[in-house]
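Summary of the model geometry
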Amino acid sequence: MCELPDTIANASTTLLCHSPMPGESGYAGSETCLGLLSSAGLDSTVVLVTFTCPPAACLEAYPRAVGTDDAPSLTVVAVGDASTAADPSIADVDVDTVSTPSDLTCLGITLSQELSAADDVVLCFDSLTALLQNVPVETVYEFLHAVVGQLDAADASAHVHLDPTAHDRQTVDTLAPLFDTVVEVDDGERTVRTRQFSR
């Protein structure tokens, strides 16, 4: 499993800038994400927000992602296309759906409910790239600002995926200040930038 430097492991919010691995989605394509998920305690709840991966596939890959079958509980928030493949009767996983990917009000309420339902939440958001295909960057910024406030109040941690090759540099630079740490992965090389002040 990926060993993370303290600057990443101790951050409350992390922006993961990496291109998806061919044929893989979300946490399956980022060693940094795997490291953050595997550090979640057994009493934690992992909340995976996915725009592309059906909940059943998320559940199938989850023990492999965290490196053990004895894993923290998993909640999947399936958005847009992923919600059409959602089966709320899947065993051992809670599934919430948001049918319209541009409905940030519904998504925000769903995340707020998940944060208040558990004492220790680790949020994996896959991905901002999918969200930005449906919502302007200014609106995404406002949404993330509100979510970061909710995470702070709940003492929860989060990492958010973004494919930097799908956006111009200005978009990345607009969203980056919302996060404690920005991790950029290019050709296997990881660059970490840490915010020098607390939110």
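Please refer to the structure higher up on the page.
Residues numbered from 1 in each chain as written. Predicted model: local features only at pLDDT ≥ 70, side-chain atom pairs only at ≥ 80, totals over all residues. Heavy atoms only, no water.

Looking now at the environment of Thr14. Among the secondary structure elements, Thr14 is positioned in strand S1 (residues 13-17). Using a relative accessible area of 1% as the deciding quantity, one classes Thr14 as buried. Spatially, the C-alpha atom of Thr14 lies 6.3 Å from that of Val160, the residues being 146 residues apart in sequence. Contact partners of Thr14, with chain neighbours within four places excluded, come to Ile8, Ala158, His159, Val160, Phe179, Thr181 and Val183. (Helix = DSSP H or I, 4+ residues; strand = E, 2+ residues; numbered from the N terminus. Buried < 20%, exposed > 50% of the residue type's maximum accessible area, 1.4 Å probe, protein only. Contact = heavy atoms within 4.5 Å.)

What follows covers the pairing of strand S6 (residues 157-162). The two faces of a sheet get side chains in turn, since along a regular strand they alternate between them. Most of S6 sits inside the fold, with 5 of its 6 residues counted as buried. Across 5 bridges, the pairing between S1 and S6 is parallel. Along S6, the bridge assignment pairs Leu15 with Val160. With 4 bridges connecting them, strand S5 (residues 121-126) and S6 associate as parallel partners. Bridge assignment links Cys124 to a residue of S6, and that residue is His159. (Pairing = 2+ DSSP bridges.)

Attention now goes to the environment of Asp187. When you line up the elements, Asp187 lands in the loop between strand S7 (181-186) and strand S8 (189-194). Among the residues examined, Asp187 registers a relative accessible area of 76% and is labelled exposed. The sequence separation of Asp187 and His18 amounts to 169 residues, and the corresponding C-alpha distance is 9.4 Å.

Attention shifts here to the nonpolar core. Counting residues in each nonpolar core, the largest one holds 37 residues, and the members touching the most others are Leu15, Val49, Leu107, Phe125, Leu128, Leu131 and Phe143. It is helix H7 (residues 137-154) that provides the largest number of residues to this core, a total of 6 residues. By size, the runner-up hydrophobic cluster in this structure holds 18 residues, among which are Leu4, Ala40, Val93 and Val183. (Core = buried A, V, L, I, M, F, W, Y, C linked by side-chain atoms within 4.5 Å.)

Before going further, it helps to examine the layout of surface pockets. Put simply, the second largest pocket is a space of about 300 Å³. For the second largest pocket, the lining is made up of 21 residues, of which Ala9, Gly35, Leu36, Ser39 and Ser157 are closest to its centre. Listed by contribution, the elements that provide at least two residues to the lining of the second largest pocket are helix H2 (31-38), S5 and S6. Residue composition of the lining of the second largest pocket, grouped by class: 9 nonpolar, 10 polar and 2 charged. (1 Å grid on protein atoms, 1.4 Å probe; cavity = no way out; pocket = protein on both sides within 12 Å on 5 of 7 lines; lining within 4 Å. Points joined across faces, edges and corners; volume = space filled by probe spheres on them. Nonpolar A, V, L, I, M, F, W, Y, C, P; charged D, E, K, R; others polar.)

The next subject is empty space enclosed by the protein. For the coordinates displayed, the defined rule picks out 1 cavity of 30 Å³ or more. The space that makes up the largest cavity amounts to roughly 70 Å³. In terms of lining residues, the largest cavity is bounded by Thr13, Leu123, Phe125, Leu144, Val147, Val148, Leu151, Ala158, Val160 and Phe179. Mapped by element, the contributors of at least two residues to the lining of the largest cavity are S5, H7 and S6. Residue contributions to the lining of the largest cavity peak at 4 residues, all from H7. Broken down by class, the residue content of the lining of the largest cavity amounts to 9 nonpolar, 1 polar and no charged.

Attention now moves to the side chain of Thr32. With respect to the helices and strands, Thr32 occurs in helix H2. Judged by its relative accessible area of 3%, Thr32 falls in the buried class. Reaching out from Thr32, the side chain makes a polar contact with the side chain of Arg190 at a distance of 3.1 Å. (Polar contact = N/O pair within 3.5 Å; in protein donor to acceptor, adjacent residues only side chain to side chain.)

With 14 residues, helix H5 (residues 104-117) extends 20 Å between its outermost C-alpha atoms, agreeing within 8% with the 20 Å of an ideal straight helix rising 1.5 Å per residue. At its buried positions, H5 is contacted by strand S2 (45-50), strand S3 (73-79), strand S4 (93-98), S5, helix H6 (128-132) and H7. (Expected span 1.5 Å × (residues − 1).)

This next bit is on the side chain of His18. Residue position: His18 is located in the loop between S1 and H2. Overall, the relative accessible area of 8% leaves His18 in the buried class. A distance of 2.7 Å separates a polar atom in the side chain of His18 from a polar atom in the side chain of His161.

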